[in-house]
Amino acid sequence: MPPSRTIEQLRADVREWCRASIPADWRQTEANASRDQFVAFQNDWLRRLNEAGWSTPHWPTEWGGGYSLAEQGVIFEELARAEAPRLVLHFISLHHAASTLLHAGTEEQRARHLPAIRNGEVWCQGFSEPGAGSDLAALATKAVRDGDHYVVNGQKIWASLAMYADWCLLLVRTDPDAPKRRGISYMLMDMRSPGVEVRPIKKATGEEHFCEIFLTDVRIPVANLIGPENDGWRVAQSTLNSERGATMVELSERLKVGFSWLWDELHDPGRDPGLLGAQDAYVADQLAGYATSLEALRLLVARGLADDIIPQNAGVLASVTKLVYSELLQDMTGFGASLAGLDGQLRTPRVASGGWESGVWLLDHISSWEWTIPGGTSEIQRTIIGERGLGLPREPR
């Protein structure tokens, strides 16, 4: 159980720990890291956060967490403000996989995987498919019951860091004759199973973050089913909502850090102002707009962590927050890329353990498009906001 202390004491403790524990040169050492070096660094950073108690504040007490929403916000906020490395490799594990197991897993599944996740077990997510990206309910990967196993065939795409994963959160179709959302089941798949093939996808930034997963007669034990058969759509909502909770505190704070870098860069006395100087009226107007939007985002995130918010409103607010964050990220990094000019295209690669606002503006902007697509595109978020939040007529299906 976390020690008893006030919010102010917790903030001071996290801030002091960050000063003492974050490697000062981690961005430099990680800038050209190999795959093995990246994994080693991520695992070591997870170990340090575990020892301090900051890796899983959003988990229940019995599994190594127990912090209130306000306390979780403080921890994520201070880590972001201190420009700590992100647990990129373990994000799906600590948030999506853990949320799913805690919400719908069996006691045996939780006992097997939650401690392993804290110790570095890596998870990926097998949701999207080539023919069913944003329309998740249209997935076609098939699972057929064969005794104590399901036999799975199909393909997944855009699975983040699947080349490193030990396990996969997998959505499959178990009843092809049922309505789209009612014939889906949710399973845990061992990535070392025969018939699993992972192919990394090289992004426009040069990174290999996303992957394709090909499944050929993969046998998954029935004991690995999460929730009832054909109830996977409902279970999947807890997975998708987990990325819009307290972690948005960290993401919004990191975006504010990115704004400060943009400000510093513009006001660097050694910088050639080119066509757009720091005192240019257009630039000043843009900066003021970003500062205002960042404050609005901060207030949205804080409202999402409030104790009195009801579940229905929380779901709509999560969509508003995700929409605002992703489009502000895209807009601000695009502005940074325009200011950086041709020289900005020659900067060193983005650091894999950093955020989406590393200050390498061109690559940041290309990567920012990731956020307007996964977890529900901006168009889908607007539909949710309009139909569920504003009560507008449902879109014709």
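Residues numbered from 1 in each chain as written. Predicted model: local features only at pLDDT ≥ 70, side-chain atom pairs only at ≥ 80, totals over all residues. Heavy atoms only, no water.

### Focus on the packing of aromatic side chains
Worth spelling out the cut-off: The rule is short: rings of Phe, Tyr and Trp, with Trp giving its six-membered ring, pair when the centres are within 6.5 Å, and they are stacked under 30 degrees, edge-to-face over 60, tilted in between. Put simply, DSSP H or I for four residues or longer makes a helix, DSSP E for two residues or longer makes a strand, and each gets a number counted from the N terminus. Buried means the residue's accessible area, taken with a 1.4 Å probe over protein chains only, is under 20% of the maximum for its type, while exposed means over 50%, and partly exposed covers the values in between.
One pass over the full model with this rule turns up nine aromatic pairs. Aromatic pair Trp26 and Phe41: ring centres 6.2 Å apart, planes at 20 degrees, arrangement stacked. Of the two residues, Trp26 sits in helix H2 (residues 26–30) while Phe41 sits in helix H3 (residues 35–52), which places them 15 residues apart along the sequence. Comparing Trp26 with Phe41 shows no difference in burial state: the two are buried. Measuring from centroid to centroid gives 5.7 Å for Trp158 and Phe210, while their planes differ by 80 degrees, and the two rings are edge-to-face. With a gap of 52 residues between them, Trp158 in the loop between strand S3 (149–156) and strand S4 (167–173) and Phe210 in strand S7 (residues 208–221) connect regions that are remote in the sequence. With relative accessibility at 46%, the residue Trp158 sits in the partly exposed group. Relative accessible area serves as the criterion here: at 14%, Phe210 is assigned to the buried category.

### Topic: the side chain of Ser326
Here is the rule we go by: Pairs of N or O atoms within 3.5 Å make up the polar contacts considered here, provided that, within protein, one atom can donate a hydrogen while the other can accept it, and that residues adjacent in sequence are counted only when both atoms are side-chain atoms.
For Ser326, the location among the structural elements is in helix H10 (residues 311–340). Within the structure, the side chain of Ser326 is placed 3.2 Å from the backbone oxygen of Leu323, a separation counted as a polar contact.

### Some points on helix H1 (residues 7–21)
Basically, it comes down to this: The span expected for a helix works out to 1.5 Å for each residue beyond the first. By arc we mean the arc of the directions from the helix axis to the C-beta atoms, nothing more. Pairs of residues are marked as contacts when any of their non-hydrogen atoms sit within 4.5 Å.
Under the 1.5 Å per step criterion, the end-to-end length of H1 is 21 Å for 15 residues, consistent within 8% with the ideal 21 Å. Within the span of H1, buried status applies to Leu10, Val14, Trp17, Cys18 and Ser21. The buried residues of H1 occupy an angular sector of 100 degrees when projected down its axis, which confines them to one face. What points out from H1, more than 90 degrees from its buried face, is the exposed set Glu8, Arg19 and Ala20. Among the structural elements, H3 and helix H4 (69–81) are those in contact with the buried residues of H1.

### Topic: the packing of H4 against helix H8 (residues 247–266)
Describing two packed helices takes the angle between their axes plus the distance from one axis to the other. The condition is simple: Orientation is described by axes fitted as lines to C-alpha atoms, over the contacting stretch for helices, and by angles from 0 to 180 degrees between their N-to-C directions. Should an angle fall under 35 degrees it is taken as roughly parallel, and over 145 as roughly antiparallel, whereas 65 to 115 is taken as roughly perpendicular and any remaining angle as oblique. For a crossing to be left-handed, the near helix must be turned anticlockwise from the far one by less than a right angle; the clockwise case is right-handed. Under this grouping Gly is polar, as are all residues other than the nonpolar Ala, Val, Leu, Ile, Met, Phe, Trp, Tyr, Cys and Pro and the charged Asp, Glu, Lys and Arg.
Across the interface, H4 lies against H8 with an axial gap of 8 Å and an inter-helix angle of 25 degrees. Of the possible angle classes, the one that applies to H4 and H8 is roughly parallel. Viewed along their axes, H4 and H8 form a crossing whose handedness is right-handed. Facing Gly73, Phe76, Glu77, Leu79, Ala80 and Arg81 of H4, the residues of H8 in contact are Thr247, Val249, Glu250, Glu253, Arg254 and Val257. Among the residues forming the contact of H4 with H8, the class breakdown is five nonpolar, two polar and five charged.

### A few points about the confidence of the model for the chain
As a reminder of what qualifies: Known as pLDDT, the predictor's confidence for each residue is given on a scale from 0 to 100.
Summarising the model, the chain shows a mean pLDDT of 88, and 91% of its residues fall at 70 or more. Taking the mean pLDDT of every element in the chain, the minimum, 78, falls on helix H7 (residues 232–241) and the maximum, 98, on S3.

### A look at the pairing of strand S1 (residues 123–126)
What counts, and what does not: For two strands to be treated as a pair, DSSP must find at least two bridges joining them.
Here S1 shows a buried face lined by Trp123 and Gln125 and a second buried face lined by Cys124 and Gly126. Direction of pairing for S1 relative to S4: parallel, over a ladder of four bridges. In the sheet register, Trp123 faces S4, and the bridge partner there is Trp167.

### Details of unusual backbone geometry
Non-glycine residue Leu161 carries a positive phi angle of around 55 degrees. As for its placement among the helices and strands, Leu161 is situated in the loop between S3 and S4. Look at Asp217: it is not a glycine, yet its phi comes out positive at around 50 degrees. Examined against the element boundaries, Asp217 turns out to sit in strand S7. Owing to a relative accessible area of 48%, Asp217 belongs among the partly exposed residues under this scheme.

### What about the pattern of salt bridges?
Working definition: two side chains of opposite charge can pair if their charged atoms are close together. We apply this condition: Whenever Lys or Arg places a side-chain nitrogen within 4 Å of a carboxyl oxygen from Asp or Glu, that contact is recorded as a salt bridge.
Evaluated as defined, the whole model comprises 27 salt bridges. In this structure, Glu77 engages Arg11 in a salt bridge whose closest nitrogen and oxygen atoms are separated by 2.5 Å. Here the residue Glu77 occupies a position in helix H4, and Arg11 occupies one in helix H1, the gap between them amounting to 66 residues. Taking the relative accessible area as the measure of exposure, Glu77 reaches 12% and is therefore buried. Judged by relative accessible area, Arg11 falls into the partly exposed class, the value being 22%. Linking Asp146 and Arg219 is a salt bridge whose minimum nitrogen-to-oxygen distance equals 3.1 Å. On the criterion of sequence distance, the pair formed by Asp146 in strand S2 (residues 142–146) and Arg219 in strand S7 is long-range, its members being 73 residues apart. With relative accessibility at 41%, the residue Asp146 sits in the partly exposed group. On the basis of relative accessibility, which here comes to 40%, the residue Arg219 falls in the partly exposed class. The network of salt bridges with shared partners includes Arg11, Arg15, Glu77, Glu78, Arg81, Glu253 and Lys256.

### Regarding H3
In this model, H3 (18 residues) spans 26 Å end to end at C-alpha, consistent with the 26 Å of a helix rising 1.5 Å per residue. On its buried face, H3 sits against H1, H2, H4, helix H5 (91–104) and helix H6 (107–118). Among the residues trailing H3, Gly53 stands out with phi positive, at a value near 90 degrees.

### Here's the deal with the pairing of S4
In terms of burial, S4 is largely enclosed, as seven of its seven residues are buried. Residues Trp167, Leu169, Leu171 and Arg173 point to one face of S4 and Cys168, Leu170 and Val172 to the other, with burial holding for every one of them. Relative to strand S5 (residues 184–190), S4 runs antiparallel, the two being bridged by seven bridges. Opposite Val172, over in S5, you have Ser185 as the bridge partner.

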